[in-house]
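# Secondary and tertiary structure notes
Take a look at the letters that make up each chain.
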Amino acid sequence: MGKEVLISCEDAGLGYDNKAIIAHFDFQVEEGDYICVVGENGSGKSTLIKTLLGLIRPVSGTIRRSASLEQGAIGYLPQQTQIQRHFPVSVMEVVLSGFLNEMRFRPFYMGSQRKEAAQNLKKLGIWDLHRSCYGELSGGQQQRVLLARALCAADRILVLDEPMTGLDPVASQSLYDSLRTLNQEGMAVVMVTHDIQKALEQSQKILHMSDGGYFFGATEEYLRSEYAGYLSNGADQSTRQEDYL
């Protein structure tokens, strides 16, 4: 029995105001996938994320979501701004805000939601910070808090937009390790990143978007494609794609 398709784009045109940045786009996220999205600035990565989240509609074609995602159930970790980094609230308040879409007209969080928030903090090894002020944490700790928040909103899929930006190598690796564990537990991961080397190490599949088109397929197939080229963003410039085959 095949894996369930959580989100699929079928012959889709992604863009704004009836103008497609990328056309005839076919892409799908299956349960348990780990997909890294790479590509040049302006190639449509942010537009893709907004389309997957349902914030914008495709210009053409079809976007399908599994029934389990119709009520949301997608955890999203956006790029952080300087304002967000200094937000003066407690860690637990930030994590609980992942349930806001479920609140409707209730003025308070349910006990089950507080329990789940605590479990997600423990899962990411930061329960001891739950009373701390979010704005006083290190960058790596803040990203773990935001990941715990995303898990409160997520059912089966996490979407992350450049989550390692501004983190030191140790904090980045720790966050990568957490994502790998979550994926192994069954959570699908779609992550936009500029770090091609880490994308090759982490992912099962690569989506490479460019002005001239796109590639979507298994990481091994990507390495043999014309899109791969030389590794960048921290990789040794003498390291060729053949070294990863």
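Residues numbered from 1 in each chain as written. Predicted model: local features only at pLDDT ≥ 70, side-chain atom pairs only at ≥ 80, totals over all residues. Heavy atoms only, no water.

### Considerations on the sheet that holds strand β8 (residues 205-210)
Applied cut-off: Pairing between strands is defined by DSSP: at least two bridges between the two strands are required. Helix and strand assignments come from DSSP, with helices taken as H or I runs of at least 4 residues and strands as E runs of at least 2, each series counted from the N terminus. What counts as an axis is a line fitted to C-alpha atoms, over the stretch in contact for a helix, and the angles between N-to-C directions run from 0 to 180 degrees. Pairs of residues are marked as contacts when any of their non-hydrogen atoms sit within 4.5 Å.
The strand order across the open sheet formed by 6 strands is β5-β6-β7-β3-β8-β9, and the pairing between neighbours is mixed. Strands at the two margins of the open sheet, each flanked by one partner only, are β5 (74-77) and β9 (213-218). Put simply, the sheet's adjacent strands are angled 15 degrees from each other on average, direction ignored. Where strand β3 (residues 34-39) meets β8, 5 bridges bridge the pair, whose relative direction is parallel. Within β8, the position partnered with Gly39 by the bridge is Met209. Sheet strands in contact with helix α1 (residues 45-52) are β3, β5, β6 (157-161), β7 (188-192) and β8, and its direction is about 145 degrees off that of β3. Against the sheet, helix α6 (residues 139-153) contacts β5 and β6, and its axis sits at roughly 160 degrees relative to β5.

### Description of the confidence of the model for the chain
We count it as follows: Each residue gets a pLDDT score, which is the predictor's confidence in that residue and runs from 0 to 100.
Confidence in the prediction for the chain averages 86 pLDDT; 88% of positions are at 70 or higher. Per-element confidence in the chain is highest for β7, whose mean pLDDT is 96, and lowest for helix α2 (residues 82-85), whose mean pLDDT is 62. Across residues 230-245, confidence stays below pLDDT 50; counting only partners more than four residues off in sequence or on other chains, it has 30 contacts.

### Description of α1
Definition in use: When a residue's accessible area, from a 1.4 Å probe over protein chains only, is under 20% of the maximum for its type it is buried; when over 50% it is exposed; and in between it is partly exposed.
Of all 8 residues in α1, 6 are buried, a share of seventy percent or more. Looking only at α1, the buried set comprises Lys45, Thr47, Leu48, Ile49, Thr51 and Leu52. Downstream of α1 by one or two residues, Gly54 has phi in the positive range, about 80 degrees.

### Section: the packing of helix α5 (residues 111-123) against α6
Threshold: When describing relative orientation, an angle under 35 degrees is termed roughly parallel and one over 145 degrees roughly antiparallel, while 65 to 115 degrees is termed roughly perpendicular and anything else oblique. Rotating anticlockwise by less than a right angle from the far helix to the near helix defines a left-handed crossing, while the corresponding clockwise rotation defines a right-handed one. Any residue that is not Ala, Val, Leu, Ile, Met, Phe, Trp, Tyr, Cys, Pro, Asp, Glu, Lys or Arg is counted as polar, Gly included; the first ten are nonpolar and the last four charged.
For the pair α5 and α6, the least separation of the axes is 9 Å and the interaxial angle reads 135 degrees. It follows that α5 is oblique to α6 by the angle criterion. Where α5 crosses over α6, the handedness of that crossing is right-handed. Taking contact as the criterion, the partners of Glu116, Ala117, Asn120 and Leu121 in α5 are, on α6, Ala148, Leu151 and Cys152. Residue composition of the contact of α5 with α6, by class: 5 nonpolar, 1 polar and 1 charged.

### Side note on the pairing of strand β2 (residues 19-30)
With 8 bridges joining them, strand β1 (residues 5-16) and β2 adopt antiparallel strand pairing. Each residue of the ladder has a partner; that of Ser8, found in β2, is Gln28.

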